[in-house]
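Per-entry structural report
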Amino acid sequence: MGSDTFDSSASSPATTDHLLPLSTSPRKKPLKKKLLSSLLLFMPARIASFNTLTFFCLTCAWVASYKLSLQGGDLLFINNNLGLLGAEILVSVLSLTAIVTMLYMRKLRRTMRRNMVVVLLVLATALYTYDHGERFEQHGFYNVLIFLAIFIPLNVVIATTYVLFMTIPNFIAILMISLIGLACGINLSLRHYISVFDQGMLGRLQDIPGECNWQGNNYPLVDLLPAGTQNFWAGSMTCKPSGGEIDAAFDAQGYLTASCSTGDAIAVDILPDTRRWMLKDKSKWQVFNHQVLDATIHRSYTQPMLVDDNIQAVVVRCGAQSKIVTRVSPPPSRIPEF
């Protein structure tokens, strides 16, 4: 009896394990699945860190290259380092373009994208404030113009290409065919402009034996631009209809006579004689400009006006029209002081 009880209790655990369902039996999780789960868990943080690192590196490249392009000096320094300054501006343009492209092409959190835009605006303002001069020593204003002249068209092309790629099926094939056609057209146009490059005004040939000739390869790329493209900064190339004509001149006795066809009141701005000014008053354009404006005398014209012999130029105004009247005056009585 005791033996039966012992056998029953001894065989009970084995019988229980056999009757347990398969799902409750302990199993070890595969190592590959553990690694995959960990990778997916930390993937957003790693992507955010990568985006931040990329933004930081590109921003440093943009700021550093643009800062280097602000190096200034005299005319000889600018002339000798013009290629290097241009390359530095180009690097800064490409760096900022990569940042802007990343902002709208990559999936970024709204907070991160907003912070990046704020950082870019602050840095751009700081760079412009640091140097926006218009002289050889400080030429930041011209750097900004060159930077924007490259940056804006380049980013418009990239953004347009991206939008078309996302909306038009088979856009890559269409783009490749278009680029091949454009390359063929440019090649043919360059061949034509190279063949007529030695022709000057009115079709007269300039390639004369014994005279200066073009050395090396000649690629007149500027001729590929539409006529008048480089005059965009000058405004309209057609003259506005004249609202009236000003007739003004100096006579032999030094009197200024003026008349206006519109009958409006005539005013005369007498520009100062700067030949006697000290050199320190002419050393910088901004200082010289203000000095001239401060020394200019404004008078109303009612009858022929006798102007000092030392005055070489006046501005005659009538309504919205103006005319500069000049003459050759006697030499100054003394040499300018330094």
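Below: a short report on this structure. Numbering of residues starts from 1 in every chain and runs along the sequence as written. Totals for whole chains, interfaces and linings use all residues, but because this is a predicted model, local features are given only for residues with pLDDT of at least 70 and pairs of side-chain atoms are given and counted only at 80 or more. Think of the side-chain values as coming from all heavy atoms in the structure, minus any hydrogens and water.

What to know about the state of the cysteines
The bond known as a disulfide is covalent and runs between the sulfur atoms of two cysteines. Stated formally: Cysteine sulfurs are considered disulfide-paired once they come within 2.5 Å of each other. Secondary structure elements follow DSSP: runs of H or I of four or more residues count as helices, runs of E of two or more count as strands, with numbering from the N terminus. Any residue under 20% of the maximum accessible area for its type is buried, any over 50% is exposed, and the rest in between are partly exposed; the area is computed with a 1.4 Å probe on protein chains only.
Under the defined criterion, the tally for this structure stands at one disulfide. The disulfide bridge from Cys260 ends at Cys318, spanning 1.9 Å between sulfur atoms. One disulfide, between Cys260 and Cys318, carries an S-S torsion of -85° and so falls in the left-handed class. Of the two residues, Cys260 is situated in strand E2 (residues 255-260) and Cys318 in strand E6 (residues 313-318); the sequence distance between them amounts to 58 residues. Judged by its relative accessible area of 16%, Cys260 is buried. Cysteine Cys57 shares no disulfide, and the gap to the nearest cysteine sulfur, in Cys60, comes to 6.7 Å.

Topic: the sheet that holds strand E1 (residues 246-250)
Here is the rule we go by: When DSSP finds two or more bridges between a pair of strands, those strands are recorded as paired.
Sheet architecture is open: three strands sit in the order E1-E2-E5, paired in antiparallel fashion. The sheet is open, and its two borders are formed by E1 and strand E5 (305-306), each paired with just one other strand. Sheet analysis places E2 next to E5, joined by two bridges and oriented antiparallel. Within E5, the residue paired with Tyr255 across the bridge is Leu306.

Observations regarding the sheet that holds strand E7 (residues 321-326)
Strand pairing in a sheet relies on backbone hydrogen bonds, with the paired strands running either antiparallel or parallel. Here is the rule: Lines fitted to C-alpha atoms define the axes, with helix axes restricted to the stretch in contact, and inter-axis angles between N-to-C directions lie between 0 and 180 degrees.
Across the sheet, four strands lie side by side as E4-E3-E6-E7; this open sheet has antiparallel pairing. Since the sheet does not close on itself, it has two edges, and those belong to strand E4 (297-301) and E7, each with one partner. With direction set aside, neighbouring strand axes in the sheet form an average angle of 25°. Across six bridges, the pairing between E6 and E7 is antiparallel. Bridge assignment links Ala313 to a residue of E7, and that residue is Thr326.

Remarks on the packing of helix H4 (residues 82-105) against helix H6 (residues 140-167)
Stated precisely, the cut-off is as follows: Here a crossing is taken to be left-handed if its near helix is turned anticlockwise relative to the far helix by less than a right angle, and right-handed if that turn runs clockwise. Between two residues, a contact is recorded if the distance between any of their heavy atoms is within 4.5 Å. Side-chain classes are defined by residue name, with Ala, Val, Leu, Ile, Met, Phe, Trp, Tyr, Cys and Pro counting as nonpolar, Asp, Glu, Lys and Arg as charged, and the others, Gly among them, as polar.
Where H4 contacts H6, the axes come no closer than 10 Å and their chain directions differ by 35°. Both H4 and H6 take part in a crossing whose hand is right-handed. Residue-level contacts link Ile89, Ser92, Val93, Leu94, Leu96, Thr97, Val100, Thr101, Tyr104 and Met105 of H4 to Asn143, Ile146, Phe147, Ile150, Phe151, Leu154, Asn155, Ile158, Ala159 and Tyr162 of H6. Residues of the contact of H4 with H6, tallied by class, amount to 15 nonpolar, five polar and no charged.

Some words on the pattern of salt bridges
Applied cut-off: For salt bridges, the criterion is a side-chain nitrogen of Lys or Arg within 4 Å of an Asp or Glu carboxyl oxygen.
Summed over all chains, the structure comprises three salt bridges. A salt bridge links Asp269 to Arg317; its shortest N-O distance comes to 2.6 Å. Within this pair, whereas Asp269 is found in strand E3 (residues 266-270), its partner Arg317 is found in strand E6, the two being separated by 48 residues in sequence. Taking relative accessible area as the criterion, Asp269 reaches 8% and is therefore assigned buried. Owing to a relative accessible area of 38%, Arg317 belongs among the partly exposed residues under this scheme.

Focus on a nonpolar patch on the surface
This is how the line gets drawn: Residues enter patches when they are more than 30% accessible in relative terms and free of salt bridges; like-charged ones are connected within 9 Å and nonpolar ones (Val, Leu, Ile, Met, Phe, Trp, Tyr) within 5 Å. All accessible-area figures derive from a Shrake-Rupley calculation using a 1.4 Å probe, and residue coverage is judged against the displayed protein chains alone.
A cluster of nonpolar side chains, Phe165, Met166, Ile172, Met176, Leu179, Leu182, Ile186, Ile194, Tyr219, Leu221 and Leu224, forms an exposed patch at the surface whose accessible area comes to about 1100 Å². For the nonpolar patch, the secondary structure elements donating two or more residues are H6 and helix H7 (171-195). No other element matches the six residues that H7 contributes to the nonpolar patch. Tracing the chain through its elements places Leu179 in helix H7.

Comments concerning the environment of Ser95
Turning to its location among the elements, Ser95 is positioned in helix H4. When the C-alpha positions of Ser95 and Trp62 are compared, they lie 5.1 Å apart, and in sequence the two are 33 residues distant. If near-sequence neighbours (up to four positions away) are discounted, Ser95 is found in contact with Leu58, Ala61 and Trp62.

Regarding the nonpolar core
Operational definition: Here, nonpolar core means buried Ala, Val, Leu, Ile, Met, Phe, Trp, Tyr and Cys residues that are tied together by side-chain atoms lying within 4.5 Å of each other.
Counting residues in hydrophobic clusters, the biggest one holds 18 residues, and the most contacted among them are Phe55, Trp62, Tyr66, Leu96, Met116, Leu120 and Phe147. For this core, the leading source of residues is H4, giving six residues. In this structure, Met116 is in contact with Asn51, Phe55, Met102, Leu103 and Leu108, ignoring residues within four places of it in sequence. Counting residues in hydrophobic clusters, the runner-up holds 17 residues, among them Ile266, Val268, Tyr301 and Val314.

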